[in-house]
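# Residue-level structure breakdown
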Amino acid sequence: MSGRIIKIALDSPLDMEFDYRWQPAAADDPDPVVGQLALVPFGRREVVGVVTAVGDASDYDAAKLRDVIALRTQLAPLPPAWMALCRFAADYYQRPLGEVMLPCLPKGLRNESTVALDRALKKLAKVAPTAAGQAAADLPAAPTLNPGQQAAVDAITAAEGFAANLLFGVTGSGKTEVYLHAAEAVIDRERAQGRSAQVLILVPEINLTPQLEGSVRGRFPHLQVVTLHSQLAEGERLRHWIAAHQGDAAIVLGTRLSVLAAMPALKLIIVDEEHDPSYKQQEGLRYSARDLAVWRARQLDIPVVLGSATPSIESWQHASNGRYRRLDLTQRAAAHAQLPRVGLIDMEVNKAPDGLSPPLVTALRARLERGEQSLLFLNRRGYAPVMHCDACGWISNCRRCTAFMVLHKPERRLRCHHCSLELRIPQSCPTCGNVDLQPLGRGTQRVEEHLQVLFPEARVLRIDADSTRRKGSAQAAFDAVHRGEVDILLGTQMVAKGHDFQRLTLVGVINPDTALFSQDYRAGERLFAQLMQVAGRAGRVAITAGGEGGEAAERRAEVLVQTRYPQHPLYRALLAHDYPGFAQATLDERLSANLPPFMFQALLRAEARQLQPALDFLQAARDLMPCEGITINDPVPMTITRVAGVERAQMLVECASRAQLQAFLKPWVAALREQKSRLRWSLEVDPVDI
Ligand code: ADP
Ligand code: ZN
Ligand code: ZN
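Residues numbered from 1 in each chain as written. Chains lettered and ligands numbered in written order. Predicted model: local features only at pLDDT ≥ 70, side-chain atom pairs only at ≥ 80, totals over all residues. Heavy atoms only, no water.

The next point concerns the packing of helix H5 (residues 147-158) against helix H6 (residues 175-192). Contact geometry of H5 with H6 gives a least axis separation of 9 Å together with a crossing angle of 40°. Taken together, H5 and H6 sit at an angle that is classed as oblique. Note that H5 runs across H6; the crossing there is right-handed. Of the residues in H6, those in contact with Gln149, Ala152, Val153, Ile156 and Thr157 of H5 are Glu177, Val178, His181, Ala182, Ala185, Val186 and Arg189. When its residues are assigned to classes, the contact of H5 with H6 shows seven nonpolar, three polar and two charged. (Axes fitted to C-alpha atoms, helices over the stretch in contact; angles between N-to-C directions. Helix = DSSP H or I, 4+ residues; strand = E, 2+ residues; numbered from the N terminus. Parallel < 35°, antiparallel > 145°, perpendicular 65-115°, else oblique. Left-handed = near helix turned anticlockwise from the far one by under 90°. Contact = heavy atoms within 4.5 Å. Nonpolar A, V, L, I, M, F, W, Y, C, P; charged D, E, K, R; others polar.)

On the surface, Arg119, Lys122, Lys123 and Lys126 cluster together into a positively charged patch. Along the chain, Lys123 turns up in helix H4 (residues 115-126). (Patch = residues over 30% accessible without salt bridge, like charges linked within 9 Å, V, L, I, M, F, W, Y side chains within 5 Å. Areas by Shrake-Rupley, 256 points an atom, 1.4 Å probe, with all protein chains shown as cover. Salt bridge = Lys/Arg side-chain N within 4 Å of Asp/Glu carboxyl O. Lys, Arg positive; Asp, Glu negative; His and termini not counted. Charge placed at Lys NZ, Arg CZ, Asp CG, Glu CD.)

Within a sheet, each strand pairs with its neighbour through backbone hydrogen bonds, oriented either parallel or antiparallel. Ordered in space as E2-E1-E4-E3-E5, the five strands form an open sheet in which the pairing is antiparallel. Each edge of the sheet is formed by a strand with only one pairing partner; in this case those strands are strand E2 (18-22) and strand E5 (70-71). (Pairing = 2+ DSSP bridges.)

Further remarks concern the coordination of the zinc ion (ligand 3). Bound to the zinc ion (ligand 3) are the protein donor atoms Cys398 (SG), Cys401 (SG), Cys416 (SG) and Cys419 (SG), situated 2.2 to 2.3 Å from the metal. Bound by four donor atoms, the zinc ion (ligand 3) shows angles of 104 to 112° at the metal and therefore tetrahedral coordination geometry. Along the chain, the residues donating to the zinc ion (ligand 3) fall in the pattern C-x2-C-x14-C-x2-C. Accessibility assignment for this pair places Cys416 and Cys419 in one class, buried. (Donors = N, O, S within 2.8 Å, 3.2 Å for Na, K, Ca; no water. Tetrahedral: all angles 85-135°; square planar, octahedral: opposite > 155°, others 65-115°. Buried < 20%, exposed > 50% of the residue type's maximum accessible area, 1.4 Å probe, protein only.)

Another aspect to go through is the state of the cysteines. All chains considered together, the criterion is met by zero disulfides. Cys86 supplies the cysteine sulfur nearest to Cys104, a cysteine that is in no disulfide, at a spacing of 4.7 Å. (Disulfide = S-S within 2.5 Å.)

What follows covers the coordination of the zinc ion (ligand 2). On the protein side, the zinc ion (ligand 2) has Cys389 (SG), Cys392 (SG), Cys429 (SG) and Cys432 (SG) as donor atoms, found 2.3 to 2.4 Å from it. Given four donor atoms and angles of 104 to 113° at the metal, the environment of the zinc ion (ligand 2) is assigned as tetrahedral. Within one chain, the residues serving as donors to the zinc ion (ligand 2) are arranged as C-x2-C-x36-C-x2-C. Placement of Cys389 in the loop between strand E15 (386-388) and strand E16 (406-408) and of Cys429 in the loop between strand E18 (422-424) and strand E19 (438-440) is noted, with a sequence separation of 40 residues between them. Classification of Cys389 as buried rests on a relative accessible area of 0%.

For the rest of this paragraph, the subject is the site of ligand 1. Neighbouring ligand 1 are 17 residues, the closest being Thr144, Gln149, Gly172, Lys175 and Thr176. At a separation of 3.2 Å, an oxygen atom of ligand 1 approaches a polar backbone atom of Ser173. One of the side-chain N or O atoms of Thr176 is found 2.8 Å from an oxygen atom in ligand 1. Calculation on ligand 1 without its partners gives an accessible area of 570 Å², and the protein chains cover 75% of this total. Because more than half of its atoms lie within 2 Å of the grid, ligand 1 is assigned to the second largest pocket. Broken down by element, the residue count for the shell around ligand 1 peaks at three residues, all from H6. (Near = heavy atom within 4 Å. Polar contact = N/O pair within 3.5 Å; in protein donor to acceptor, adjacent residues only side chain to side chain. 1 Å grid on protein atoms, 1.4 Å probe; cavity = no way out; pocket = protein on both sides within 12 Å on 5 of 7 lines; lining within 4 Å. Sits in = over half its atoms within 2 Å of the grid points.)

Time to look at empty space enclosed by the protein. This model, assessed by the stated rule, comprises four cavities of 30 Å³ or more. By volume, the second largest cavity amounts to about 60 Å³. Lining the second largest cavity, in full, are Val170, Thr171, Ala309, Leu339, Pro340, Met532, Gly536 and His577. Among the residues making up the lining of the second largest cavity, the classes are represented as five nonpolar, three polar and no charged. (Points joined across faces, edges and corners; volume = space filled by probe spheres on them.)

Turning our eyes to something else, we now look at the layout of surface pockets. Considering only enclosed or pocket space, the second largest pocket measures out at about 930 Å³ in volume. In terms of lining, the second largest pocket is formed by 37 residues, of which the most central are Gly174, Thr176, Glu177, Asp500 and Arg540. Going through the elements one at a time, H6 and helix H7 (209-219) are the ones with two or more residues in the lining of the second largest pocket. Looking at which element gives the most residues to the lining of the second largest pocket, the answer is H7, with six residues. Here the lining of the second largest pocket is composed, by residue class, of 14 nonpolar, 15 polar and eight charged.

Time to look at helix H10 (residues 313-320). With seven of eight residues buried, H10 lies mostly within the body of the structure. Ile313, Glu314, Ser315, Trp316, Gln317, His318 and Ala319 are the residues of H10 that are buried. Contact partners of the buried residues in H10: strand E6 (163-169), helix H9 (289-300), strand E11 (303-308), strand E12 (325-329), helix H14 (523-535) and helix H16 (579-592). Backbone geometry just downstream of H10 places Gly322 in the positive-phi region, at approximately 90°.

Let us now look at the confidence of the model for the protein. The share of residues in the protein with pLDDT of 70 or more is 96%, and the mean pLDDT across the chain is 92. In this model, residues 131-137 is a region of pLDDT below 50 whose contacts with residues beyond four sequence positions or in other chains number five contacts. Segment residues 546-553 is flagged for pLDDT under 50; beyond a separation of four residues in sequence, or across chains, it makes five contacts in the model. (pLDDT = per-residue confidence, 0-100.)

Okay, the packing of aromatic side chains next. Counting across every chain of the model gives 13 aromatic pairs. A centroid spacing of 5.0 Å and a plane angle of 85° characterise the contact between Trp316 and Tyr579, whose relative ring orientation is edge-to-face. With a gap of 263 residues between them, Trp316 in helix H10 and Tyr579 in helix H16 connect regions that are remote in the sequence. Accessibility classification places Trp316 together with Tyr579 in one group, the buried group. (Phe/Tyr/Trp six-rings, centres within 6.5 Å; stacked < 30°, edge-to-face > 60°.)

Here you go:
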């Protein structure tokens, strides 16, 4: 036998699969199999790819084909469903197949050498299947589900086959319990029939995995649970990935990248906080993990659960028109826990030179006196977003970006958040020599400083990207809050998500208004979700004013929002905890403005040293093909036009039909690739930041 021709997907920008020859070393060597990893020569390197077809013919001169170096036979081939998922993603997001498949595999599988792979397999083989019934005695018992939760679990698990469930539950309504019970029911059902089952749980933030991981492990001590996220050490990530791929891990808990993990016995997918922007990958394959999760569930004919207190407008729309089934949890689950009372502080009336208005200060003081925790939310890190000279008007622009350098006082630096340029704080104005440079505006560091002046005795903790740069420091900080070692927690959106703070009775929101006037049409939706989320941190447990004789009076938690626009509909909806009202108003607006979800979009971006060539490239792309039924808007500079010395422009493509847009994009992107322009460009389907 003379060997076979196999096609291989490689991590290359060329949109093709590559032909290689495979020669068996021994006569009885088994043939390669689709889904196997293979090491092949590519240019002057040796790289790993995925076998996508095995045959006997090639469109190329067979004599010139190069030989496969080695097949990774120690690893089971990637299953057909995984191959199909990657093909769909490549197709839909207009990327070469290899650029989808390879980057989503852990590094250890893509190495030239098999040392890491062999070591991982050896280690995994040694791990005894988790001892059944291990320490079952000291596990916290699962709470009895309330009727709403039970109905949700029943709906999710009763149905056979594909169903998209939108679990719409207010913050603290016990969505996690629904996930855990549904997972348990599905796994038990499959096992009862002698089949194995896997459940995939997606979470938006790495910071939230430890909490959920604890609950999952506690609830399923007899099952293998693995996590998948970008902060795992290489070896660990490889082992976890293989455990999922081999079907050994019954539960995989991970961030967006885990939606592309191979799971041969996948029976249920859960997407927690499905509205969260971090489900969108913003570079390389710009996919939506939520959308891929739904596609994957449909492909496998299994249920998917999208959970949120503030669903994305897209998902809400699907639920309204019946494509998704809505399951509502309308009340907080824990005994006596109530939704917090929301109040607006009118900043036209209440001046606050240091960012904190008198009513907010009073509320903070009351919590300190009662030994309760407060949380202040300000979505802007650093000390001040910009430095400024009163004398000549100098302002701290980044010399490489269309952006300000942010003042970081503790670090004594000016930092650009876009290109990471760092400078020492100038002693005097670079243009006029004035020594009295002023910070303008306010970030978390500045509010922290002010809090220390106002409440010198209080234990204030700031949590933001700057305070948590070291690995593990975010977890340590949250642990301190949970242990009650913090009186006032101050932070960016990092503190808004997921955490269940036990003694938190006050949430203060500083400066949310800017998002109301953003040119990004999604800014309102994001702000509302963030505010609901951060408000939801409060009052998750009833704090009782004890000692007052017989009945303890319950004190309701409070959320105070400082705004100049207390009449704005977004805040009115927030006051009423009225997500459905907000969502309906947003959908009405989107419909009349012809925006998603009533319109489908793709964004072509181009980058160059000068703006004009980038704009010219886009203009040429626009004229490349007839585009009946498709709207291609004018090329424009991006809002932050220059980043790290590179000028960026973009062009929005729109169509009311997803299928029609897709039909246009495919040949268009192929034609763009054909041009072999030296300019960097990228296409994003369903862009979120425009
Ligand atoms: P969500 O994710 O919906 O915001 P969680 O899942 O964090 O809410 O649950 C909020 C709190 O309610 C948690 O402390 C949880 O342990 C508790 N809880 C959930 N379900 C029940 C139940 N059926 N009975 C009592 N407490 C519950
Ligand atoms: Zn000056
Ligand atoms: Zn910069």
